[in-house]
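Letter by letter, the chains look like this.
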Amino acid sequence: MSVLEETRQKWYDILENLLECPVCCEIPKNNILQCVSGHHICISCRYQLQNCPICKNHFSNTRNFFAEEMANKLEEIMISLMYPTNKINRRILENKICVSTQTEKIFKASVEVQTRNILICNNKQTQTYNTWMENGSTRKKIDKRKFHYPKIGKGNYPCCLGSCTMSLSFEKIVEHLKSTHKDVFYEFKEDNGVFTQNCELEYMIPRDHDLAVYVRNMGLFFINIRILHTGDLRGMILLVNSASASKHFTFEITIGLEKRSKTYSGMVKTCRLVDWQAMDDCLYINNSEIQQKEMVCQNGTFNCSFSIKRSNLTEVNDDFENHE
């Protein structure tokens with residue numbers, strides 16, 4: 001990473017830290033309120049507290065419109081800083097007057113320069129390749145998707161394995177899993193943004209099948225398959241990261257084989273959820289359906305396959321025109 005790119009990343013991180021809610025450490029998506037001293041807080045955390053967590057003064061119930069506007073524009077600011085040739089910057093420069101010359105001659109990178117751009121940012125985890133191929137007198141762009149590894153949010157994350165009550169930072173929770181839960185902690189390499197796994201689990205009432213999976217270039221996940229005392233089965237995949245980062249992942253869980261199976265697809269949730277089993281947005285199979293479809297084999301086990309897919313977080317969508 002060049003000095004210029006490091007500087008851009010530094011200023012983006014500073015802006016992100018300034019906009020984060022001091023309680024949940026998330027970038028607010030809705031209304032942002034503030035205390036009488038001007039410290040902002042997201043609306044969800046505001047009504048869980050009596051006083052400001054920073055200065056201990058009372059809240060004024062006044063919205064911080066500046067912080068709201070900056071939070072809404074944060075993603076565009078990041079793209080504008082890290083990818084100078086993106087169409088966002090060209091849209092900003094369109095019909096603008098150059099201050100230095102007082103003319104409308106705004107500098108735009110030439111096609112030759114744009115084709116050589118290889119931007120490596122975020123500790124070399126994100127790469128943008130602008131590749132062109134010539135076909136007669138027309139140059140066509142070959143889009144190669146790139147994946148921007150989600151930044152780990154601040155704060156502590158709960159361990160979602162069994163009855164464990166530990167809540168630690170990301171680095172410490174990885175160490176905790178390796179030392180305390182090493183029998184159910186696994187590490188894998190991702191394959192083009194998709195991770196799949198198949199396993200055979202014991203059907204016992206009640207029983208919790210909890211796994212911790214670290215997938216390189218994707219993140220740390222908890223796979224929770226719970227067999228309740230009623231014989232019903234619930235399943236969810238949780239990400240050890242913020243709620244905003246978890247929105248970039250989808251999952252699919254299949255219980256059983258072929259026609260004797262049930263599949264559920266949904267969004268990966270953050271492990272900071274208070275009680276994911278109380279949610280409707282998760283895999284749920286009641287006991288009668290399990291028995292009717294004969295999902296459990298004669299040896300008392302059932303097949304469980306799951307996949308995690310990472311969406312294209314930051315794709316450079318430059319709309320270059322064809323040059324004849």
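Everything below is about the structure printed above this text.
Reading the values: the criteria
- Residues numbered from 1 in each chain as written.
- Predicted model: local features only at pLDDT ≥ 70, side-chain atom pairs only at ≥ 80, totals over all residues.
- Heavy atoms only, no water.
- Helix = DSSP H or I, 4+ residues; strand = E, 2+ residues; numbered from the N terminus.
- Contact = heavy atoms within 4.5 Å.
- Areas by Shrake-Rupley, 256 points an atom, 1.4 Å probe, with all protein chains shown as cover.
- Patch = residues over 30% accessible without salt bridge, like charges linked within 9 Å, V, L, I, M, F, W, Y side chains within 5 Å.
- Salt bridge = Lys/Arg side-chain N within 4 Å of Asp/Glu carboxyl O.
- Buried < 20%, exposed > 50% of the residue type's maximum accessible area, 1.4 Å probe, protein only.
- Pairing = 2+ DSSP bridges.
- Arc of directions from axis to C-beta.
- Core = buried A, V, L, I, M, F, W, Y, C linked by side-chain atoms within 4.5 Å.
- Axes fitted to C-alpha atoms, helices over the stretch in contact; angles between N-to-C directions.
- Parallel < 35°, antiparallel > 145°, perpendicular 65-115°, else oblique.
- Nonpolar A, V, L, I, M, F, W, Y, C, P; charged D, E, K, R; others polar.

Peer 1: Help me understand the overall build of the protein in this model?
Peer 2: A count of helices and strands for the protein gives 9 helices and 19 strands. A separation threshold of at least 6 residues defines the contact pool for the protein, and within that pool the share at least 24 residues apart is 58%. As displayed, the protein offers around 18800 Å² of accessible surface, 50% of which is attributable to carbon and sulfur atoms.

Peer 1: In this structure, what is going on with unusual backbone geometry? I would like to understand it.
Peer 2: Trans is the prevailing form of peptide bonds, just as negative phi is the prevailing case for residues other than glycine. The residue after I205, namely P206, is reached through a cis peptide bond having omega -15°. Mapped onto the elements, P206 comes out in the loop between strand 11 (194-202) and strand 12 (207-216). For K56, which is not glycine, the phi dihedral falls at a positive 70°. Its place among the elements puts K56 in the loop between helix 2 (43-46) and strand 3 (59-63).

Peer 1: What exactly am I supposed to notice about a nonpolar patch on the surface here?
Peer 2: Together, W11, I14 and L18 make up a nonpolar patch on the protein surface, roughly 330 Å² of accessible area in all. Along the chain, the position of L18 falls in helix 1 (residues 3-19).

Peer 1: I tried to follow the pairing of strand 14 (residues 233-239) on my own but got confused; where do I start?
Peer 2: Here is the key point about a regular strand: its side chains alternate between the two faces of the sheet. With 7 of 7 residues buried, strand 14 is to be regarded as a mostly interior element. A two-sided burial pattern is seen for strand 14, the buried positions comprising L233, G235, I237 and L239 on one face and R234, M236 and L238 on the other. Here strand 13 (residues 219-227) pairs with strand 14 via 7 bridges, running antiparallel. Bridge pairing in strand 14 links N224 to M236. Taking the residues between adjacent antiparallel strands as the criterion, strand 13 and strand 14 are bridged by 5 residues, where G231 takes a positive phi near 90°. Bridge count between strand 14 and strand 18 (residues 283-285): 3 bridges; the pairing is antiparallel.

Peer 1: Just checking my understanding: could you explain helix 4 (residues 74-82) for this structure?
Peer 2: Within an α-helix, residues lying three or four positions from one another point in the same direction, as the helix has 3.6 residues per turn. Of all the positions in helix 4, only L74, M78, I79 and M82 are classed as buried. Buried residues in helix 4, looked at end-on, bunch into an arc of 140°, giving them a common side.

Peer 1: Would you explain the nonpolar core in this entry?
Peer 2: Among soluble globular proteins, nonpolar side chains are generally buried collectively. F221 and F222 are the most contacted members of the largest nonpolar core, which totals 48 residues. Per-element tally for this core: the top contributor is strand 13, with 6 residues. In contact with F221, not counting residues within four places along its chain, are L211, A212, V213, V215, I237, L238, L239, F249, V268 and I308. M78, I79, M82 and Y83 belong to the second largest nonpolar core, which has 12 residues in total.

Peer 1: Is there a simple way to think about the sheet that holds strand 11 in this case?
Peer 2: By way of backbone hydrogen bonds, the strands of a sheet pair with one another, either parallel or antiparallel. The sheet built from 4 strands is open, its strands ordered 11-19-15-16 with antiparallel pairing. Where the open sheet ends on each side, the last strands, each with one partner, are strand 11 and strand 16 (260-267). Put simply, the sheet's adjacent strands are angled 15° from each other on average, direction ignored. Bridging between strand 11 and strand 19 (residues 301-310) involves 9 bridges; their strand directions are antiparallel. Across the sheet, residue C199 finds its bridge partner in strand 19, namely C304.

Peer 1: For this particular structure, what's the right way to read the sheet that holds strand 3?
Peer 2: Within the open sheet, the 3 strands sit side by side as 2-1-3. Their pairing is antiparallel. Among the strands making up the open sheet, the edge pair consists of strand 2 (40-42) and strand 3. Neighbouring strand axes in the sheet, compared pairwise and without regard to direction, differ in orientation by 40° on average. The pairing of strand 1 (residues 32-35) with strand 3 spans 3 bridges and is classified as antiparallel. By the bridge assignment for strand 3, L33 is matched with R63.

Peer 1: Just to check I follow, could you spell out the packing of helix 1 against helix 4 for this structure?
Peer 2: Packed helix pairs are specified by the crossing angle of their axes together with the interaxial distance, meaning the distance between the axes. The contact between helix 1 and helix 4 brings their axes to 9 Å, and the two run at 170°. The angle between helix 1 and helix 4 falls in the class roughly antiparallel. For the pair formed by helix 1 and helix 4, the contact residues are E5, R8, Q9, Y12, L15, E16 and L19 on the first element and L74, I77, M78, L81 and M82 on the second. Here the residues of the contact of helix 1 with helix 4 sort into 8 nonpolar, 1 polar and 3 charged.

Peer 1: Could you clarify how one ought to interpret the pattern of salt bridges in this entry?
Peer 2: Side chains bearing opposite charge may pair, as long as their charged atoms lie close to each other. With the rule as written, the count across this model stands at 7 salt bridges. Here E26 ties to R272 by a salt bridge, and the two come within 3.5 Å at their closest N and O atoms. Of this pair, E26 sits in the loop between helix 1 and strand 1 while R272 sits in the loop between strand 17 (269-270) and strand 18; the two residues are 246 residues apart in sequence, bridging distant segments of the chain. Note on E26: relative accessible area 13%, which makes it buried. The exposure class of R272 is partly exposed, given its relative accessible area of 25%. Between E289 and K262 there is a salt bridge, and its shortest N-O distance comes to 3.5 Å. With E289 in helix 9 (residues 287-292) and K262 in strand 16, this residue pair connects regions lying 27 residues apart in the sequence. Put simply, K262, E289 and K293 are held in one network by salt bridges that share partners.

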